[in-house]
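A closer look at the structure
Residue-level listing of the chains:
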Amino acid sequence: MTQTLRTLSGTPVSTLTFGTMQFGGAADEAASRAMYDAARAAGVTHFDTAVGYTDGASETLTGIFARPEREEVFLATKVAFDGGAGRANIRAQFDTSRRQLGIDWVDLLYIHRWDGDTPSEETFSTLAEMQDQGLIRHIGVSNYAAWQVMKAQSIARTLGTRIDAIQPMYSLVKRQAEVEIFPMAQDQGISVHAYSPLGGGLLTGKYARGEVGRLTESEMYRQRYDTDWMRRAAQALTDLAAELGTHPATLAVAWTAAHPAQPSPIISARSVAQLAPSLAAQGYAMTPDLYARLSALGPAPPPATDRLEEA
Ligand SMILES: NC(=O)c1ccc[n+]([C@@H]2O[C@H](COP(=O)([O-])OP(=O)(O)OC[C@H]3O[C@@H](n4cnc5c(N)ncnc54)[C@H](OP(=O)(O)O)[C@@H]3O)[C@@H](O)[C@H]2O)c1
């Protein structure tokens, strides 16, 4: 049974998560407020940020918007992308998070990435202690391989707690999570929150039209998504969306959510106009035939073991 995350008031979290990584960056305060309100109006209750996003502005704005309805929304943040996952760094970064958010506790705290130099016992005993102190309701990890999650899970169990949520990258053009991470999450009942469901914007189809955005602005995103086969997949997605009378972003987000592991796509944008097609994925009727057509737009990752001839 997959972990059902709930707001403090007891409502199961929305199927879509809204990522506030653009708040205070590509989206100024007014645009951020408008997106927060649009997400709330569409029923989104889960908001995702990190201590380092936009030098703290993301948490600051998320806190301003969420504070008046604190128990109705589910707030997730992340620490230890920089500085390692040791006790002192986790505690110091979480103190910064609380100050930026203007909120004492969060619903979910992720370790932002694996740290092979710090004993996992130290990382997860720190989080267990913070849970006991009422500072965090759930423990999560992001960008972990499946074996790293399971190592963390076995340690968490000895401490009387568990990993409740993971946050991998996942989209039509980044499907590695299907091989080990999703089956593990299903087996362990871990809630999955999939980041970059639009491939940083590639899957909106705008780059084929010569438009600008993150992929023209950031070398890291260019390296991640600007390959020939990914561009062809984005074009084919755009053609399919036109055939179906919908937006490619709607299809891309709906496809992400349709995996049997039930990933919650973490949607994001720089304006309400950009956000609309991603929000429209909520409730989009994904048939098995359409799911198969979308899945065929790019290569499926190879299975986790090599004995393929008997499969
Ligand atoms: N755990 C991690 O390591 C990690 C890493 C990355 C993200 N995240 C989380 O996941 C969330 C989403 O990630 P993401 O922003 O990479 O998601 P994404 O959905 O792959 O990309 C969103 C970007 O696509 C572009 N876009 C969206 N809708 C559009 C539209 N209708 N037309 C044209 N362009 C559009 C915008 O960028 P441009 O306008 O710049 O093109 C927007 O910021 C983040 O906010 C964050 O919370 C986590």
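Here goes a summary of the coordinates provided. Keep in mind that this is a model prediction, so the values were computed, not measured.

Each value, and the rule that gives it
Residues numbered from 1 in each chain as written. Predicted model: local features only at pLDDT ≥ 70, side-chain atom pairs only at ≥ 80, totals over all residues. Heavy atoms only, no water. Axes fitted to C-alpha atoms, helices over the stretch in contact; angles between N-to-C directions. Helix = DSSP H or I, 4+ residues; strand = E, 2+ residues; numbered from the N terminus. Parallel < 35°, antiparallel > 145°, perpendicular 65-115°, else oblique. Contact = heavy atoms within 4.5 Å. Nonpolar A, V, L, I, M, F, W, Y, C, P; charged D, E, K, R; others polar. Expected span 1.5 Å × (residues − 1). Core = buried A, V, L, I, M, F, W, Y, C linked by side-chain atoms within 4.5 Å. Buried < 20%, exposed > 50% of the residue type's maximum accessible area, 1.4 Å probe, protein only.

Contact pair helix 2 (residues 57-66) / helix 3 (residues 87-101): the axes reach a minimum separation of 7 Å and the direction vectors enclose 50°. Accordingly, the angle class assigned to the pair helix 2 and helix 3 is oblique. Across from Glu59, Thr60, Thr62 and Gly63 in helix 2, the residues of helix 3 making contact are Thr96, Ser97, Gln100 and Leu101. Taken together, the residues that form the contact of helix 2 with helix 3 break down as one nonpolar, six polar and one charged.

If you check helix 9 (residues 228-244), its first and last C-alpha atoms are 24 Å apart, about what 17 residues at 1.5 Å a residue would give, namely 24 Å. Summarising the contacts, the buried residues of helix 9 are in contact with helix 8 (219-225), helix 10 (248-257) and helix 12 (288-295). Directly beyond the C-terminal end of helix 9, a positive phi value near 70° is found at glycine 245.

Looking now at the nonpolar core. Residues Phe18, Ile111, Phe124, Leu127, Ile136, Ile163 and Ile166 are the most contacted members of the largest nonpolar core, which totals 78 residues. When sequence neighbours within four positions are dropped, the list of residues in contact with isoleucine 136 reads Phe94, Val106, Leu109, Leu127, Met130 and Gln131. Counting residues in each nonpolar core, the second largest holds seven residues, with Leu5, Val13, Leu108 and Ala165 among its members.

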